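The chain contents come next:
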Amino acid sequence: MVGSARLHRSLTRQMSILVTGGAGFIGANFVLDWLAGHDEPVINLDKLTYAGNLENLASLQGNAKHIFVRGDIGDAVLVDKLLTEHCPRAIINFAAESHVDRSIHGPGEFIQTNIVGTFHLLESVRAYWGTLEGQAKRRFRFLHVSTDEVYGSLTNDAPAFSETNRYEPNSPYSASKAASDHLVRAYYHTYGLPVLTTNCSNNYGPFQFPEKLIPLCILNALAGKPLPIYGDGLQVRDWLYVNDHCRAIGLVLEGGLVGETYNIGGKSEKTNLDVVRTLCDSLDELAPPATCHLPRTTYRSLITFVKDRPGHDRRYAINATKLERELGWRPQETFETGLRKTVAWYLENQSWVANVTSGAYRHWIDKHYSS
Ligand code: NAD
Ligand code: DAU
């Protein structure tokens, strides 16, 4: 009787998920999508660094299924308490320092959160998972959200990254993500922790902090400022609309094989110059320069070549056939449809833009682009 009551309690209490970094760009999109399609509550643990923004989650105000907790993934006392209190059936780890340029200016925070923070989180999760029993233990998952940058740089004619590619990270950011991926892998092989890892290409869409190429260029263009292209602008990235990434994470969480990694990408390789030109064309149509009182006929005239990023990876490309074959995932947006939606979102959300581009943001832009 006591045993069955305990089992019943663990089965009913496990029906929630814990998301880390859910006030950032991808995490917030994931939480919003999840709660739009599921009844299952989300515990959202986020430190609210410069990149975390509760405004991204404003539409969830008053929604009892969203439990926001401000805190660090490396705070073992807090994480242990959350795990004991809420008994989540899964954890999805988005929390990270995510901007390559910032990792070049100051790698310390990247080591701290992406490596040390992930280590502490894994330790707490391992201890928690050890207390689960039966079905709750078998069904538990830890999904680690990672990046294609861990594979390093491709030449123009090399095949796209597959899950078996060697790790060759080149920036402090990608090296810190690679280290966290290795820790996750080790916790599976050594302790049997049921982990899943996803490695995704460049995301874009609503709520992306405007230090990254696409939102930076949208906002600069509307303000009549230069659109900074590093080096020759011929570096290639694969682009994926953020909701397609979130859907892939949901599928991997429910159907992925424990211990496996899954590449996620949009089959949409573009040079940075092409990305910014397409973005200018979208803006020319949706917000013609004349309506912004700018003395030019196309935003393309704002494109400006600037000093290259040190150690700049030349090309990333993703082979996502494993995810397509095993879990039936396909991106729903093309680059053109996704970019149009994104431009429209930034045009319609000027107060969000105004709030995130206050003080600290301007300080970063001045420091980084001053030369
Ligand atoms: P982001 O920088 O927009 O958001 C990161 C979030 O993590 C923020 O809300 C921040 O407050 C939070 N955070 C940072 N340190 C924390 C800590 N110690 N404890 C708790 N919370 C903390 O990043 P994003 O672009 O949304 O990326 C999310 C994840 O996806 C990252 O792990 C990133 O490496 C990975 N990823 C990003 C992309 C991309 O194109 N943006 C592509 C592939 C993978
Ligand atoms: O590939 C996945 C990665 O994509 C994620 O892991 C990272 O978290 C995410 O930030 C992103 O990294 P990138 O370095 O590719 O993103 P970013 O938007 O900073 O740059 C995209 C490309 O545009 C890159 O080749 C550098 C270039 N760029 C960027 C900025 C900010 C410019 O040419 N000018 C700029 O001002």
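First, a word on scope: everything that follows refers to the structure included in this document. Everything numeric in this text was worked out from a predicted model, so none of it was measured.

Here the focus is the pattern of salt bridges. Following the criterion strictly, the structure yields 18 salt bridges and no others. Between R89 and E254 there is a salt bridge, with the nearest N and O atoms lying 2.9 Å from each other. Of this pair, R89 sits in the loop between α3 (76–86) and β4 (90–93) while E254 sits in helix α9 (residues 242–255); the two residues are 165 residues apart in sequence, bridging distant segments of the chain. Overall, R89 belongs to the buried group, its relative accessible area being 13%. The class of E254 is partly exposed, set by a relative accessible area of 48%. Between K341 and E333 there is a salt bridge; the shortest N-O distance is 2.5 Å. Overall, the relative accessible area of 41% leaves K341 in the partly exposed class. A relative accessible area of 19% places E333 in the buried class. Each member of the salt-bridge network shares a partner with another, and the members are E40, R89 and E254.

Applying the stated criterion across every chain yields a total of 19 aromatic pairs. An angle of 65 degrees between the planes, with centres 5.6 Å apart, marks the rings of Y204 and Y241 as edge-to-face. Of the two residues, Y204 is situated in strand β7 (residues 202–204) and Y241 in strand β9 (residues 236–241); the sequence distance between them amounts to 37 residues. Summarising the burial analysis for this pair, Y204 and Y241 share the class buried. The interplanar angle of 85 degrees and the centroid separation of 5.6 Å between the aromatic rings of F209 and Y361 together place this pair among those described as edge-to-face. Of the two residues, F209 sits in the loop between β7 and α8 (213–222) while Y361 sits in helix α14 (residues 359–369), which places them 152 residues apart along the sequence. With respect to burial, F209 and Y361 carry one shared label: buried. Taken together through their ring pairs, the aromatic side chains of Y151, F161, Y167 and Y316 make up a single cluster. Over the aromatic face of W129 sits the side chain of K137, whose NZ or CZ is 4.7 Å from the ring centroid.

All right, on to the sheet that holds strand β2 (residues 42–46) then. Taken together, seven strands build an open sheet; the order of strands is β3-β2-β1-β4-β5-β6-β10 and the sheet is parallel. Bordering the open sheet on either side are β3 (66–70) and β10 (261–264), each of which pairs with just one other strand. Between one strand axis and the next, the sheet turns by 20 degrees as a mean value, whatever way the strands run. Sheet contacts for α9: β4, β5 (141–147), β6 (195–200) and β10; angle to β5, the most-contacted strand, approximately 145 degrees.

For ligand 2, the set of nearby residues contains 24 residues, the closest of which are T147, D148, Y173, R309 and Y369. Between ligand 2 and the protein, one listed contact pairs an oxygen atom with a side-chain N or O atom of Y173 at 2.6 Å. Between ligand 2 and Y230 there is a distance of 2.9 Å, counted from an oxygen atom to a backbone nitrogen or oxygen. Protein chains bury 95% of the 690 Å² of accessible surface belonging to ligand 2 in isolation. Broken down by secondary-structure element, the contributors of at least two residues to the shell around ligand 2 are α4 (100–105), α8 and β8 (227–230). The greatest single-element share of the shell around ligand 2, amounting to three residues, is contributed by β8. Across the shell around ligand 2, the residue classes tally to ten nonpolar, seven polar and seven charged.

Of the two faces of β4, both are covered, the one formed by A90 and I92 as well as the one formed by I91 and N93. Taken together, the four bridges between strand β1 (residues 17–20) and β4 define a ladder with parallel strand orientation. When the sheet's bridge partners are listed, L18 is paired in β4 with I91. For β4 and β5, the ladder comprises four bridges, and the chain directions are parallel. By the bridge assignment, I92 is partnered in β5 with L143.

Around ligand 1, a shell composed of 28 residues is seen, among which I26, D46, S98, Y173 and K177 lie nearest. A distance of 3.1 Å separates a nitrogen atom of ligand 1 from a polar atom in the backbone of K47. In this structure, N203 approaches ligand 1 through a main-chain N or O atom, which is 2.9 Å from an oxygen atom. A total of 830 Å² of accessible area belongs to ligand 1 in isolation, and the protein chains cover 97% of it. Those elements that provide at least two residues to the shell around ligand 1 are α2 (25–37), β5, α7 (172–191) and β7. The element contributing the most residues to the shell around ligand 1 is β5, with three residues. Within the shell around ligand 1, the residues separate by chemical class into twelve nonpolar, twelve polar and four charged.

Parameters at a glance
Residues numbered from 1 in each chain as written. Chains lettered and ligands numbered in written order. Predicted model: local features only at pLDDT ≥ 70, side-chain atom pairs only at ≥ 80, totals over all residues. Heavy atoms only, no water. Salt bridge = Lys/Arg side-chain N within 4 Å of Asp/Glu carboxyl O. Helix = DSSP H or I, 4+ residues; strand = E, 2+ residues; numbered from the N terminus. Buried < 20%, exposed > 50% of the residue type's maximum accessible area, 1.4 Å probe, protein only. Phe/Tyr/Trp six-rings, centres within 6.5 Å; stacked < 30°, edge-to-face > 60°. Lys NZ or Arg CZ within 6 Å of the ring centre and 35° of its normal. Pairing = 2+ DSSP bridges. Axes fitted to C-alpha atoms, helices over the stretch in contact; angles between N-to-C directions. Contact = heavy atoms within 4.5 Å. Near = heavy atom within 4 Å. Polar contact = N/O pair within 3.5 Å; in protein donor to acceptor, adjacent residues only side chain to side chain. Areas by Shrake-Rupley, 256 points an atom, 1.4 Å probe, with all protein chains shown as cover. Nonpolar A, V, L, I, M, F, W, Y, C, P; charged D, E, K, R; others polar.

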